[in-house]
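Observations on the model geometry
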Amino acid sequence: MAADDEHFREFVDTRYMDLLRVAYHLTGSAQDAEDLVQAALVKVMRRWRRVEDPMAYLRRVMINQHISSWRRYRVHELVTAILPERSTRDMTDAVAERHALYAAMRALSPRTRAVIVLRYVVDLPEAEVAATLSCSVGSVKSRASRGLARLRLALTADAPSADAPPADAPPSTSTSAAAQPAPDGTTRMTGATP
């Protein structure tokens, strides 16, 4: 029993950050990710002797736990902290992009989010994702395809169009406007919309 406890402690020491990364991508919140990892570790600790592939088993437990908690609590509270000003380079764009990505990820269903996280964050092959989620490889492929399409759509909807003028640009006049000399010697614009 003591050997199992020691093995479990070593596993947690070496793989905790990997588990936390997966949980963060599933939940989108550092606090929820820590709670999810802790709950999964407590569940797995009881059966540690019988677990053959601990990382795969823990990922499965975290995904199941997250899906069941998502079903219970559809309204999700997002807690943010106000960061102090620091004299470092401006990370505003990176933070905004990351925030947009996590918001788009939260809009996905939990199973689709699990496929995206396991396939593209953890970098598991489709067969292993299918085994983890107890579904077919085809289901993994279709969920990944639809999930990526929804993420692209959500992220490009927030980005300004390449054809759109900058926000601080003055209003443009019609392209058919032309300067015409008036009989009194002044110049008038013709064809311009008022």
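Residues numbered from 1 in each chain as written. Predicted model: local features only at pLDDT ≥ 70, side-chain atom pairs only at ≥ 80, totals over all residues. Heavy atoms only, no water.

It is worth spelling out the overall build of the chain at this point. A count of helices and strands for the chain gives seven helices and two strands. Reading the chain from its N end, one meets helices and strands in the order α-α-α-α-α-α-α-β-β. Every one of the 194 residues in the chain was classed for burial, and the buried ones make up 28%. When the accessible surface of the chain is summed, it comes to about 13,500 Å², and 54% of that surface belongs to carbon and sulfur atoms. (Helix = DSSP H or I, 4+ residues; strand = E, 2+ residues; numbered from the N terminus. Buried < 20%, exposed > 50% of the residue type's maximum accessible area, 1.4 Å probe, protein only. Areas by Shrake-Rupley, 256 points an atom, 1.4 Å probe, with all protein chains shown as cover.)

Another aspect to go through is helix α4 (residues 92–107). With 16 residues, α4 ought to run about 22 Å at 1.5 Å a step, and its terminal C-alpha atoms sit 23 Å apart, in line with that. Here α4 has its buried residues at Y102, A104 and M105. One face of α4 carries all of its buried residues, which in axial projection span an arc of 160 degrees. (Expected span 1.5 Å × (residues − 1). Arc of directions from axis to C-beta.)

So, on to the confidence of the model for the chain. For the chain, mean pLDDT is 77; residues scoring 70 or higher make up 69% of the total. Looking across the chain, the model is least confident in strand β2 (residues 187–190), with a mean pLDDT of 50, and most confident in helix α6 (residues 126–133), with 92. Low pLDDT, under 50, characterises residues 165–178; the stretch is placed with twelve contacts to residues that sit more than four places away or in other chains. (pLDDT = per-residue confidence, 0-100. Contact = heavy atoms within 4.5 Å.)

Before going further, it helps to examine the packing of aromatic side chains. Per the counting criterion, the structure on display carries three aromatic pairs. Taking the centre distance of 4.9 Å and the plane angle of 80 degrees together, the rings of F8 and W48 count as edge-to-face. Remark: W48 occurs in the loop between α2 (30–46) and α3 (54–72) and F8 occurs in helix α1 (residues 2–27); sequence separation between them is 40 residues. Given the relative accessible area of 11%, F8 is considered buried. (Phe/Tyr/Trp six-rings, centres within 6.5 Å; stacked < 30°, edge-to-face > 60°.)

Among the structural elements, T112 can be located in helix α5 (residues 110–121). By relative accessible area, T112 is classed as buried at 10%. Within the structure, the side chain of T112 is placed 3.0 Å from the side chain of R143, a separation counted as a polar contact. Excluding residues within four positions of it along the chain, T112 makes contact with R143 and G147. (Polar contact = N/O pair within 3.5 Å; in protein donor to acceptor, adjacent residues only side chain to side chain.)

Turning our eyes to something else, we now look at the pattern of salt bridges. Summed over the entire model, instances satisfying the criterion amount to four salt bridges. Among the ionic pairs, D18 bridges to R15, the shortest N-O distance being 2.9 Å. Linking D18 with R15, this pair stays in helix α1, spanning three residues, or about one helical turn. Using a relative accessible area of 30% as the deciding quantity, one classes R15 as partly exposed. (Salt bridge = Lys/Arg side-chain N within 4 Å of Asp/Glu carboxyl O.)

With 17 residues, α2 ought to run about 24 Å at 1.5 Å a step, and its terminal C-alpha atoms sit 25 Å apart, in line with that. For α2, the full list of buried residues reads A33, L36, V37, A40, L41 and V44. Viewed along the axis of α2, the buried residues span an arc of 130 degrees, placing them on a single side of the element. Those residues of α2 that are exposed and aimed more than 90 degrees away from the buried face are D35 and R46.

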